[in-house]
Amino acid sequence: GEMIEIAKVEGLMEFTPNSVDFVMFKFGEGNGNTPKMLIDRFEIRSGVFPLSDVGGDAVAVQITGIEVTGEAPRTATVTWLSEEGATYDVQWSDNLLDWNELEKGVMAAGAESSATDADIAGAVRQRYYRVARSSAP
């Protein structure tokens, strides 16, 4: 069908898809021109647009900060919006392919929660975090 623009610099625009295609192009010769793309998770659910409107009193999971302290080893504290009484699972990855559990079942005591990743080796140059709500209050 006709192409629909679904994203801009500001983020996703509202749309109702009946199918979703990901198209990658390679121009030129050699592997150096191969596009590098990873889709960790892609989900479209009814009623989630705009993204900030999750319905009812539920709070959208949104990481609000990552504070890194120390030299080697370093410590990173991940903070996210939470709903009191809900539980959250926090994971980390150094490559966006292999995910490791940081904390499972973090019980939210208020509107913001956090988890700490301690003893990050000095050789680690980047680390990614994700938070998922595992149960409602």
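Data block above holds the structure.
Residues numbered from 1 in each chain as written. Predicted model: local features only at pLDDT ≥ 70, side-chain atom pairs only at ≥ 80, totals over all residues. Heavy atoms only, no water.

Visitor: Any details on the sheet that holds strand β4 (residues 74-81)? Residues and values, ideally.
Guide: Pairing is antiparallel across the open sheet formed by 3 strands, whose spatial order is β3-β4-β7. Each end of this open sheet is capped by a strand with a single partner; those strands are β3 (63-69) and β7 (112-120). Each strand of the sheet is rotated relative to its neighbour by a mean of 15 degrees, with strand direction disregarded. Pairing of β4 with β7 involves 7 bridges; the strand directions are antiparallel. The residue bridging threonine 79 from the neighbouring strand is serine 114, located in β7. (Pairing = 2+ DSSP bridges. Helix = DSSP H or I, 4+ residues; strand = E, 2+ residues; numbered from the N terminus. Axes fitted to C-alpha atoms, helices over the stretch in contact; angles between N-to-C directions.)

Visitor: How would you sum up unusual backbone geometry? Please name residues and give values.
Guide: With glycine set apart, most residues show a phi of negative sign, and most peptide bonds adopt trans. Put simply, alanine 72 and proline 73 share a cis peptide bond, and its omega is 5 degrees. As for its placement among the helices and strands, proline 73 is situated in the loop between β3 and β4. Phi is positive for leucine 96, which is not a glycine, with a value near 65 degrees. Mapped onto the secondary structure, leucine 96 falls in the loop between β5 (87-93) and β6 (100-107). The phi torsion at aspartate 119 lies on the positive side, around 60 degrees, for a residue other than glycine.

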